[in-house]
Amino acid sequence: MARVYNFSAGPSILPETVLAKAASEMLDYNGSGQSVMEMSHRSPVYEEIINDCQSLLRKAMNIPDNYKVLFLQGGASSQFAMVPLNLMNKNRKADYLVTGQFAKKAKQEAEKFGEVRVVASSADKQFTYIPEVTASDFDKDADYVHICFNNTIFGTKYPYIPETGAIPLVADMSSCILSEPFDVSKFGLIYAGAQKNMAPAGLTVVIVREDLIGNVREGAPTMFDYKVHADNDSMYNTPPCYSIYMCKLVLEWILNDIGGLEKMKERNEKKAKMLYDYLDGSKMFRATIQGKNRSMMNVTFVTGDADLDKKFCKEAAAAGFVNLKGHRSVGGMRASIYNAMPVEGIEKLVDFMKAFEANN
Ligand SMILES: *Cc1c(COP(=O)(O)O)cnc(C)c1O
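Residues numbered from 1 in each chain as written. Predicted model: local features only at pLDDT ≥ 70, side-chain atom pairs only at ≥ 80, totals over all residues. Heavy atoms only, no water.

**Considering the overall build of the protein**
Piece 1. Tallying secondary structure elements over the protein gives 9 helices and 14 strands in all.
Piece 2. The globule rule puts the C-alpha radius of gyration for 360 residues at 21 Å, and the 21 Å found for the protein is close to it.
Piece 3. Relative to its 360 residues, the protein shows a buried fraction of 56%.
Piece 4. Taking as baseline every contact in the protein between residues at least 6 positions apart, the subset at least 24 positions apart corresponds to 68%.
Piece 5. About 15600 Å² of surface is accessible on the protein, with carbon and sulfur atoms providing 48% of the total.
Piece 6. Averaged over its 41 positive side-chain charges, the protein has a centre that lies 5 Å from the centre of its 43 negative ones. (Helix = DSSP H or I, 4+ residues; strand = E, 2+ residues; numbered from the N terminus. Rg over C-alpha atoms; globule rule 2.2 N^0.38 Å. Buried < 20%, exposed > 50% of the residue type's maximum accessible area, 1.4 Å probe, protein only. Contact = heavy atoms within 4.5 Å. Areas by Shrake-Rupley, 256 points an atom, 1.4 Å probe, with all protein chains shown as cover. Lys, Arg positive; Asp, Glu negative; His and termini not counted. Charge placed at Lys NZ, Arg CZ, Asp CG, Glu CD.)

**A closer look at helix α4 (residues 101-110)**
Since the α-helix turns once every 3.6 residues, residues separated by three or four places project in the same direction.
Piece 1. Those residues of α4 that sit buried are Ala 103, Ala 106, Lys 107 and Ala 110. One side of α4 carries all its buried residues, which in axial view fall inside an arc of 100°.
Piece 2. Buried residues along α4 sit against α3 (75-87), β3 (93-98), β4 (115-121), β5 (145-148) and β9 (189-193). (Arc of directions from axis to C-beta.)

**Let's talk about the environment of Asn 30**
Piece 1. Its location among the elements puts Asn 30 in the loop between α1 (16-24) and α2 (44-61).
Piece 2. Between the C-alpha atoms of Asn 30 and Asn 256, which are 226 residues apart in sequence, the distance is 19 Å.

**Looking at the pairing of β4**
Piece 1. Of the pairings in the sheet, the one linking β3 to β4 comprises 6 bridges and is parallel in character. Within β4, the position partnered with Ala 94 by the bridge is Val 116. (Pairing = 2+ DSSP bridges.)

**A short note on the sheet that holds strand β11 (residues 286-287)**
Piece 1. Strands sit in the order β11-β12-β14 across an open sheet of 3 strands; the sheet is antiparallel. Of all the strands in the sheet, the pair left with one neighbour each is β11 and β14 (333-336).

Spelled out as structure tokens, the structure:
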């Protein structure tokens, strides 16, 4: 069977060249006579893989030296707890911006550990926009400010990095990491589940400023202490070995084949524009997010008729455009067009949508 165009929100499409490379190395990685899945995480051959992954990520994202990179498990959802356990440690207060379901879940988890204030929310308009906030909106006693940078389910993205002054800014970047360059120094901590833009599921990447490590709450499980993972170079226990290897291949693809994150951004902007331009001109489809708050990674749209939405998803899948159904909580359609989606995938999707529009 031919490969489909996979618009899944996560786990999601991976670059075909990366899959081919992994396949070619499956039975014998680099003359080791083993698959990466089988080798000891403490072997020299594996240590080279995890070290390369870290240095490639540092290079791609231009991560300053005073930040640690941690390769963890437990998904972005575990970070909803790990962040307050480690960072809510001075005044036991944190400010949260609620811009979607994951932001809300993060806020609810933090409430177990201290005083959480919702600085701004877009729940009043079904999370279709990003509130504008300035430094003066934040509680100067907050231990950190938490945002979800790209809202995977609703299809919004911050068009700016909130200015938080001296308060560390924490960002869930699960669905936008590596999609464009970000100034890491503006953040205290960035975390991401890898299964959107980095690797297969199983790996969670945390990029954290060194001074924020080492104050975990008393009684916290060892595995939930950033310091334990930082001091052990993400080898306190068995790391998600294969996902880290795949992440390394994805980073090599970004740096060598694409040409880095500036180029990645250009490519992503081109793809997103192509789809939004079509939606804006269509008489049948309508984008659910307008203007500068639009996500470059998750494009949400509707026809306005639930039956027609269903027919569209069904016919699209039959034509090789899969996983276009919107999140179960919002309905409609969502095209997740992560880094690995080729430009051609969007061109063909738009052609298919034009034909569907003409026939219905
Ligand atoms: C997918 C996603 C999550 C959940 O990630 P898990 O790894 O499944 O825990 C959290 N936040 C955002 C923004 C996501 O896109």
